[in-house]
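Analysis of the macromolecular model
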Amino acid sequence: MGINLSEVNLAYLKEKKQYKYAIKDINLRIDNEDEFIAIVGHTGSGKSTLVQVLNNLLVPTFGHISINFRENNNDVYYNIKASGKKVKYAISKDNINVKYKARVSLKALRKHIGLVFQFPEYQIFEETVLKDIMFGPKNFLRDENKAKEEAIKIAEMMNISDLLDKSPFMLSGGQMRKVAIAGILASKPEVLVLDEPTVGLDPIAKRDLLEFLKYLNEVEHKTIIIITHDMDVVGEYAKRTIVLNKGCIMYDGSKDEMFKNDEVIKTCNLNYPNIVKILANLKKKLNIDLDIYKYNIDDAFKELNRVLGDNHE
Ligand SMILES: Nc1ncnc2c1ncn2[C@@H]1O[C@H](COP(=O)(O)OP(=O)(O)O)[C@@H](O)[C@H]1O
Ligand SMILES: [Mg+2]
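Residues numbered from 1 in each chain as written. Chains lettered and ligands numbered in written order. Predicted model: local features only at pLDDT ≥ 70, side-chain atom pairs only at ≥ 80, totals over all residues.

A look at the overall build of the protein
If you tally the helices and strands in the protein, you get 11 helices and 12 strands. Radius of gyration (C-alpha) of the protein: 21 Å, near the 20 Å computed for a compact globule of 313 residues. Seen along its three principal axes, the alpha-carbon backbone of the protein occupies a region of about 70 × 50 × 40 Å. In the protein, which comprises 313 residues, the share counted as buried stands at 36%. A fraction of 59% describes how many contacts in the protein between residues 6 or more apart in sequence connect residues 24 or more apart. (Helix = DSSP H or I, 4+ residues; strand = E, 2+ residues; numbered from the N terminus. Rg over C-alpha atoms; globule rule 2.2 N^0.38 Å. Buried ≥ 20, exposed ≤ 12 C-beta atoms within 10 Å, placed from the backbone. Contact = placed C-beta atoms within 7 Å.)

Overview of the site of ligand 1
Looking at ligand 1, the residues that line it are Y12, A22, G41, T43, G44, S45, G46, K47, S48 and T49. The element contributing the most residues to the shell around ligand 1 is helix α1 (residues 47–54), with 3 residues. For the shell around ligand 1, the class distribution of residues is 2 nonpolar, 7 polar and 1 charged. (Near = placed C-beta within 6 Å. Nonpolar A, V, L, I, M, F, W, Y, C, P; charged D, E, K, R; others polar.)

Let's talk about the domain arrangement of the protein
Size of an interface: often given as the accessible area lost when the parts come together. Segmenting the protein into domains produces domain 1 (30–57 + 105–271) and domain 2 (273–313). The C-alpha-based centres of domain 1 and domain 2 are spaced at 32 Å. Each partner contributes residues to the interface: domain 1 has 8 residues there, and domain 2 has 7 residues. Those elements giving two or more residues to the side of domain 1 that touches domain 2 turn out to be α7 (231–237) and α8 (255–260). Ranked by the residues each element gives to the side of domain 1 that touches domain 2, the list is headed by α7, at 5 residues. Across the side of domain 1 that touches domain 2, the residue classes break down as 3 nonpolar, 1 polar and 4 charged. (Domains from an automatic or database assignment.)

Digging into the pairing of strand β10 (residues 223–227)
Of all 5 residues making up β10, 5 are buried, and the element is well covered by its neighbours. Taken together, the 4 bridges between strand β3 (residues 36–40) and β10 define a ladder with parallel strand orientation. Of the residues in β10, the one forming a bridge with I37 is I225. In this view, the connection linking strand β9 (residues 191–195) to its parallel neighbour β10 by way of helix α6 (residues 203–218) has right-handed handedness. (Pairing = 2+ DSSP bridges. Right-handed = clockwise from strand over helix to strand, strands pointing away.)

Some words on helix α4 (residues 144–157)
Structurally, the α-helix is built with 3.6 residues per turn, so residues lying three or four positions apart point the same way. In this model, α4 (14 residues) spans 20 Å end to end at C-alpha, consistent with the 20 Å of a helix rising 1.5 Å per residue. Close packing links the buried residues of α4 with α3 (129–141) and α5 (173–185). Note on α4: the residue one or two positions beyond its end, N159, has a positive phi of about 65°. (Expected span 1.5 Å × (residues − 1).)

A short note on the pairing of strand β6 (residues 87–93)
Judged from the 7 bridges that link them, strand β5 (residues 74–83) and β6 form a sheet pairing that is antiparallel. Counterpart to A82 in the pairing with β6 is V87. Hairpin connection between β5 and β6: a loop of 3 residues separates the two successive antiparallel strands, and G84 in this loop has a positive phi of roughly 100°.

Looking at the packing of α3 against α5
Running from N to C, α3 and α5 point in directions that differ by 35°, and their axes come no closer than 6 Å. Seen from α3, the contacting residues are V129, D132, I133, F135 and G136; seen from α5, they are V179, A182, G183 and I184. Looking at the contact of α3 with α5, its residues break down into 6 nonpolar, 2 polar and 1 charged. (Axes fitted to C-alpha atoms, helices over the stretch in contact; angles between N-to-C directions.)

The structure is reproduced here in structure tokens:
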């Protein structure tokens, strides 16, 4: 799986001949397996636009997007080229160009890049949880029984088997979100994109969801891309962070380097994870040589022990 965005722009017409760019000159490669990316930035900085461009829910105004995935043992290249006037789509197999078409099947693309919206509750529409989870695979597999099998398997994996016969509209917020995610996962995407998935969840549901994403990333080797404002989540789960500012990528790299980059933190008004804040305070108060860039309790303890010795455990 490879995603490559080159000089991608998306503009909205504000008034006569006046454009506002939601994303601007985006150059981005996502092609390692096992990536766990957090996209952060102010409200309105273009985060939701960027992820919707990835699976062609939004079409760029200018730029080139190339997405490569395996389908039926073929390498498939999905290309979108936009010139400001026209958008061209092309799909090619094993690098042999198949002629440009006005529109190619989006099914394949969306099967490989699954997008969970900010309030995935709105993505649920079937009368039972089982039917809802089956919807995607039924579409791709064209086989009701296989789709059902797939849905039951995913439900087991996500610990929601007891919900399968229920109406999705009877569920709690956390359960609904899980059902919506299960629905997307049932199509077996290699890349799972989630737009602010933890907003509005209680702490237990939030941790449950994040641990599940971690499992998908580490055990199932899926690439996870989440949009979040929560720096504790970034600190603990993300490997790579992308910071958007006014539609542009201001930073793309490791979370460590991001938190150490004062310019990025200040310009984008980013917070530090709570653990980093506590360690920074201790470092100042105790005047000790502490590495404050630790993102979970265990690592913070180890670092404190290293500096203060076992007596202070
Ligand atoms: N349908 C639309 N029409 C006009 N402007 C839009 C539309 N959708 C988004 N925008 C603008 O594009 C910019 C980026 O929006 P968005 O991607 O939703 O940001 P974020 O997810 O970071 O909050 C914002 O300034 C927003 O107002
Ligand atoms: Mg958004």
